[in-house]
Amino acid sequence: MDDLRAQEKAERPSIAYGGPDDRFEITTTSDGQRVIREVPEFAKVLDAKAAAERAPKTKDVIDQRARAIYSIGQLPESERAAAYATLMEHPEMFGGVDVTGMPPGYDPTYATVMGNMGTTVGQAITNDRAERALQVRTEQGAERLRQGQQRIDKPPASRRAPQTRPPAGFIWQ
């Protein structure tokens, strides 16, 4: 019985997997011949995995759209709709932007929201600080201009009422 099992085991082919990503079945027969065949199921899964890795990441697609929309937002208001139409008709001119799912016509609300999606939290905080600092500088500048205008509007010292000072050495009683 043990001899029969040993004989069956010796006659049974040895199967191993190898090659890139173990996509090949390597069969060695009892007489030492090696047969290599690609396993279709493994190849299909590995090809799908490679295609998914080559596909652009969602974050990259959104960043690219956001940059394009933000750039359009920097144009004068009158030129934005035409630039957006050009983006929709010829996305390759803008670096191959993926325009699927974008509105067919220019929408200012979409442009504002989408244009800001490409910024990170750190960039948004930096932009907010810069905007507040600009507002403070603008307010300070306006206050300085107002003070300067008050000085200009003030009558000259020669026309002011004389300041009465007691003479030197005067003693109040």
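To keep things clear, this report deals only with the structure shown in the data block.

### A few points about the pattern of salt bridges
A full pass over the atoms with the stated rule returns 8 salt bridges. The residue R23 makes a salt bridge to E38 at a minimum N-O spacing of 3.0 Å. Of the two residues, R23 sits in the loop between β1 (14-18) and β2 (24-28) while E38 sits in strand β3 (residues 34-38), which places them 15 residues apart along the sequence. In this structure, R80 engages E77 in a salt bridge whose closest nitrogen and oxygen atoms are separated by 2.8 Å.

### Regarding the side chain of R80
By the element assignment, R80 lies in helix α4 (residues 77-89). Here the side chain of R80 touches G73 through a polar contact of 2.8 Å, landing on its backbone oxygen.

### Quick look at the packing of helix α3 (residues 58-73) against α4
One can describe the packing of α3 onto α4 by two numbers: an axis separation of 9 Å at closest approach and a directional angle of 155°. Considering the angle they form, α3 stands roughly antiparallel to α4. For the pair α3 and α4, the crossing hand works out as right-handed. Between α3 and α4, the residues in contact are A68, I69, I72 and G73 and R80, A83, Y84 and L87, respectively. The residue inventory of the contact of α3 with α4, partitioned by class, reads 6 nonpolar, 1 polar and 1 charged.

Calculation notes
Here the residue numbers are simple positions, counted from 1 along each chain's written sequence. At least 70 in pLDDT is required for a residue's local features to be given in this predicted model, at least 80 for side-chain atom pairs to be given and counted, and no such filter applies to totals for whole chains, interfaces and linings, which use all residues. To obtain the side-chain values, all non-hydrogen atoms of the structure were used and water was disregarded. Only one rule defines a salt bridge in this text: a Lys or Arg side-chain nitrogen within 4 Å of an Asp or Glu carboxyl oxygen. Runs of H or I in DSSP of at least four residues are treated as helices and runs of E of at least two as strands, each being numbered from the N terminus. Between N or O atoms, a polar contact is any pair within 3.5 Å; within protein, one atom must be a potential hydrogen donor and the other a potential acceptor, and residues adjacent in sequence are included only when both atoms are from side chains. Angles shown run from 0 to 180 degrees and are taken between the N-to-C directions of axes, each axis being a line fitted to C-alpha atoms and, for helices, limited to the stretch in contact. Any angle that falls under 35 degrees is termed roughly parallel, while one over 145 is termed roughly antiparallel, one within 65 to 115 roughly perpendicular, and all others oblique. Crossings are assigned a handedness: left-handed for a near helix turned anticlockwise from the far helix by less than a right angle, right-handed for a clockwise turn. Contact definition: two residues touch when any of their heavy atoms are within 4.5 Å. Residues are grouped as follows: Ala, Val, Leu, Ile, Met, Phe, Trp, Tyr, Cys and Pro are nonpolar; Asp, Glu, Lys and Arg are charged; all remaining types, including Gly, are polar.

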